[in-house]
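Now for the letters of each chain:
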Amino acid sequence: MVITNVFFFSSVMPITAHPAFHKASAYFKMRIKRIPVDPKTLEIDVKNMRRAITKNTCMLVASAPNFPHGTIDPIEDISNLALEYGIPLHVDGCLGGFLIAFMGQAGFPLKPFDFRVPGVMSISCDTHKYGYTPKGASVILYRTPEIRSHQFYALADWPGGIYASPSIAGSRSGYIIACCWATLMYYGLEGYVEETRKIIQATRDIADGWSKIDGLYLLHNPDVSVVSVGSEKFNIYYVLDGLRAKGWHLNGLQNPPGLHIAVTQLHTQPGVVEKLLKDTRQSVAEILKTKNMSDTPTAVIYGTNQKVPDKSLVCDIAKLYIGACYDTNIPATTTEIK
Ligand SMILES: Cc1ncc(COP(=O)(O)O)c(C=O)c1O
């Protein structure tokens, strides 16, 4: 008998952890226990994480920071749990790894988030985000070579020879790795510290500016480079679409509704933060002035999603969309591949 649907092992993580964990769990037939965040602070209570641990829990996850609100999870507290139960803690530094590593030197000190924290056994860190390298290479760090060895695969009796591979991806481009290395060398420690200083400063300026706009409130104080806002006065997605019309491409959030900006090098150029704040003020003023505003595209999408009780339908539609992008029968002009 082939057992295809065991769901034996599970991992425990805040609900804000990236969907990449869900994707991996779906591939490996693992379960995820998602720890809700407090509706006001948008932070997890570590007590709830403790309650979710069972004998089948094989990993705890903390983000540094998470994508939706840019919050760094309480890594030291989660590490204490990890040590108490003997479960490895993975820190997802994919988004902010190349910022948090330099924030101390850039004048924005953080609590320890890495192998200084004893329960942390692995850390992921995307070079193509704040490492400014081309996409296609990334970093996973392990506390010990023994843990790393579980990633390696070898087959000794294949007619094609002895096969050994270090990662899930098989053939990989040496060109991407060379570009990644060259970029790291180009910036060097000083370059990364300087870029980090500018990005974190721009982040705080945006947070400060947005928090002063009547109708907007910060969902969380930005721990790193993400500023997220919501509104108690109007549908926040109107602002998202208003800013889109002015050329800004920010991300929509849900549960609670909001939008966020992940601040990049682009936003540190002269005048960019000021322009964003001016455009936001204008968009909000237009919304407040327009009574009975009709729904804008993002408001419709998120509004509809909230009304669909069975979210698998929404997933099916999203997968149909992906399929349609591959469908050669559809004229190129009708599909937009992001
Ligand atoms: C916090 C975080 N974790 C993980 C990932 C990795 O995602 P991907 O599967 O696209 O590499 C991302 C990418 O945006 C992220 O922001």
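All values derive from a computational prediction rather than experimental measurement. Every chain is numbered independently, its residues counted from 1 as its sequence is written. In keeping with the model being predicted, local features are shown solely for residues with a pLDDT of at least 70 and side-chain atom pairs are shown and tallied solely at 80 or more, while totals for entire chains, interfaces and linings include all residues. Here the side-chain values reflect all heavy atoms present in the structure, with hydrogen atoms and water set aside.

## A look at the pairing of strand β9 (residues 217-220)
Two faces belong to every sheet, and in a regular strand the side chains alternate between them. Two strands qualify as a pair provided that DSSP identifies no fewer than 2 bridges between them. In this text, helices come from DSSP runs of H or I with a minimum length of four residues, and strands from runs of E with a minimum of two, each type numbered from the N-terminal end. With 3 bridges connecting them, β9 and strand β10 (residues 226-230) associate as antiparallel partners. Of the residues in β10, the one forming a bridge with H220 is S228. Hairpin geometry of β9 and β10 is characterised by an intervening segment of 5 residues between the two adjacent antiparallel strands.

## Thoughts on the nonpolar core
Joining through side-chain atoms within 4.5 Å is the link that ties buried Ala, Val, Leu, Ile, Met, Phe, Trp, Tyr and Cys residues into a set, and such a set is a nonpolar core. Burial classes: relative accessible area under 20% of the type maximum marks a residue as buried, over 50% as exposed, and values in between as partly exposed (1.4 Å probe, protein chains only). Core analysis: the largest hydrophobic core is formed by 76 residues, its most contacted members being L60, I75, W210 and V239. Top element by residues in this core is helix α6 (residues 174-211). It accounts for 12 residues. Throughout the structure description, domain borders are defined by an automatic or database domain assignment. Each of domain 1 (10-126 + 137-172) and domain 2 (178-289) accounts for three or more of the residues forming this core. By the convention used here, residues are in contact when the closest approach between their heavy atoms is within 4.5 Å. Dropping the residues within four chain positions of it, W210 is found in contact with L216, V227, V229, L250, L259, I261, L276, L277 and T280. M13, A17, I32 and V61 belong to the second largest nonpolar core, which has 5 residues in total.

## Section: unusual backbone geometry
Put simply, A64 and P65 share a cis peptide bond, and its omega is -5°. With respect to the element layout, P65 can be found in the loop between β3 (57-63) and α3 (75-85). Going from N255 to P256, the amide bond is cis rather than trans, its omega being 5°. Of note, the phi angle at K29 is positive, near 55°, even though the residue is not glycine.

Geometry only, nothing functional implied.
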